[in-house]
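Listed below are the residues making up each chain.
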Amino acid sequence: MSLKQIAELTGASVSTVSRILNHPNYVGNDPQLAAKIWETARKLKYVPNSSAQELRKGTRRREEPFTVDLFLARFQSLDEDAFFGELFQNVQEEILSSGCLLGETFSTVNLMELFDLNSTSAGMIPYKPQEKREIADQIPYLQAKENSGLIILGKCPREWIVPLKKRYSCIAGIDRNPTDHEYDEVVCNGMTAAEKAIEYLISLGHTNIAYIGDCTYESRYIGYYRSLINHKIALNHGNIYPTNQTEQEGEGAMEKILSSRSRPTAIFCANDSTALGVLKALRRHRKRGYLPSVISIDNIREAQKISPMLTTIDIPKRDMAHLALTILLDRKKGAHTENVRMELPCRLIVRESCNYVS
């Protein structure tokens, strides 16, 4: 498969296709076109020219390239969370630049279909039970996927970990929530990021700080209330707004805050997507004169485009993608056997959405 063929199928120029697929730092002006090029390359099992050239020169053995599948553990679609959308793109770039093949991308919905014992899926050894069993009972009938590895984006539901380890000999995860060393992973600890965000708000004089985000075994929520406790600030449960961390739910949570009698002076959002919804709601009601400080976690591209520009905690997505694939390939070579965790630091990005308490 050549760049020219991908260009013909996507309607892009050969030079554009080459820049997107062969230069990890290049970001085109048309994200939709870039996504189309990546998807076409994945379907056609494109291997970068550098890898093909090495094969022709005889510097590499002629063998099937290693395939890397991607599991969206937290969301069903990349459209639901811009952080994982950008992380997904970084991972794809790393896979291609390493000479590996882009495999399939799936979510928990696809896993339910794959592990359905009443299904004729190629992923299962034929078996006809009288009734469905729990996932753990299905494990013995699961086929391993040859010459393939898996990168998990987000927190993997515990019930899927054993089945996935049966299917893939190499697994690496990328997330803000570390697991109990159940597979190799690269993390940027969400609790640390949350503490950094709250510490910054407190340094601006804020003590009435709301939280918008997931509250279920979520490290960012733990970091939020632990910071308040450390500063002897009482936890106000009226300031907690549980959401699924999407822009739409952030907007809805902000509407609730606007209609409440006691409004916080600052709002900590668990991710940038939620914060974008919060800022949109605030702009819609700006005549009310209520302008709380807003801070979040992720540092997605859109955070610099919204007004006011969003103050956030940067999660090093590109480095996480690179290291996850490095660990995956290291595991494939048998260079390590213990489950390893690499933790990267986060950093505060100060922009326009936070101010000293008035």
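A count of helices and strands for the chain gives 13 helices and 12 strands. Every one of the 358 residues in the chain was classed for burial, and the buried ones make up 50%. Long-range pairs, those at least 24 residues apart, make up 71% of the contacts in the chain with a sequence separation of at least 6. Of the roughly 17,700 Å² that the chain leaves accessible, carbon and sulfur atoms contribute 49%.

So, on to the sheet that holds strand β8 (residues 266-269). Taken together, six strands build an open sheet; the order of strands is β7-β6-β8-β9-β10-β12 and the sheet is mixed. Two strands bound the open sheet, and with one partner strand each, they are β7 (240-242) and β12 (347-349). Shown here is a sheet whose adjacent strand axes are inclined to one another by a mean of 20°, direction ignored. Here β8 runs beside strand β9 (residues 293-298); their pairing, made up of three bridges, is parallel. Bridge pairing in β9 links Ile267 to Val294.

For the structure shown, the criterion picks out 16 salt bridges. With its nearest N and O atoms 2.6 Å apart, the salt bridge here joins Arg284 to Glu255. With Arg284 in helix α12 (residues 272-284) and Glu255 in helix α11 (residues 247-258), this pair connects stretches of sequence that are 29 residues apart. Residue classification places Arg284 among the partly exposed residues on the basis of a relative accessible area of 47%. One connected set of salt bridges, linked through shared partners, spans Arg74, Asp214, Glu218 and Arg220.

The omega torsion across Ser307 and Pro308 is -5°, close enough to zero to call that bond cis. Looking at where Pro308 falls in the secondary structure, it is placed in the loop between β9 and β10 (311-314). Here the phi dihedral of Gln245 falls at roughly 65°; this positive angle occurs in a residue that is not glycine. Within the secondary structure, Gln245 is located in the loop between β7 and α11. For Gln245, a relative accessible area of 1% gives the class buried. Positive phi, close to 60°, is recorded for Asn299, a residue that is not glycine. If you trace the backbone, Asn299 turns up in the loop between β9 and β10.

Here helix α9 (residues 190-203) crosses helix α10 (residues 219-230) at 40°, and the two axes come no closer than 7 Å. With respect to α10, the element α9 is oriented oblique. Along this stretch, α9 crosses α10, giving a crossing that reads as right-handed. Contacts between α9 and α10 involve Gly190, Met191, Ala194, Glu195, Ile198, Glu199 and Ile202 from the former and Ser219, Arg220, Ile222, Gly223, Tyr224, Arg226, Ser227 and Leu228 from the latter. Split into classes, the residues belonging to the contact of α9 with α10 amount to seven nonpolar, four polar and four charged.

Another aspect to go through is the nonpolar core. In terms of nonpolar packing, the biggest core is built from 85 residues, with Leu21 and Phe268 touching the most fellow members. Ignoring sequence-local partners within four residues, the contact set of Leu21 consists of Leu3, Ile6, Ile37, Trp38, Ala41, Tyr46 and Leu96. In terms of nonpolar packing, the next biggest core, distinct from the first, is built from 13 residues, Ala73, Leu150, Ile161 and Tyr183 among them.

It is worth spelling out the side chain of His336 at this point. For His336, the position within the fold is in the loop between α13 (317-332) and β11 (341-343). Residue classification places His336 among the buried positions, given a relative accessible area of 14%. At 2.8 Å, the side chain of His336 forms a polar contact with the side chain of Asp184. Polar side-chain contacts of His336 include one of 2.6 Å to the side chain of Asp330.

Cut-offs used in this document
Residues numbered from 1 in each chain as written. Predicted model: local features only at pLDDT ≥ 70, side-chain atom pairs only at ≥ 80, totals over all residues. Heavy atoms only, no water. Helix = DSSP H or I, 4+ residues; strand = E, 2+ residues; numbered from the N terminus. Buried < 20%, exposed > 50% of the residue type's maximum accessible area, 1.4 Å probe, protein only. Contact = heavy atoms within 4.5 Å. Areas by Shrake-Rupley, 256 points an atom, 1.4 Å probe, with all protein chains shown as cover. Pairing = 2+ DSSP bridges. Axes fitted to C-alpha atoms, helices over the stretch in contact; angles between N-to-C directions. Salt bridge = Lys/Arg side-chain N within 4 Å of Asp/Glu carboxyl O. Parallel < 35°, antiparallel > 145°, perpendicular 65-115°, else oblique. Left-handed = near helix turned anticlockwise from the far one by under 90°. Nonpolar A, V, L, I, M, F, W, Y, C, P; charged D, E, K, R; others polar. Core = buried A, V, L, I, M, F, W, Y, C linked by side-chain atoms within 4.5 Å. Polar contact = N/O pair within 3.5 Å; in protein donor to acceptor, adjacent residues only side chain to side chain.

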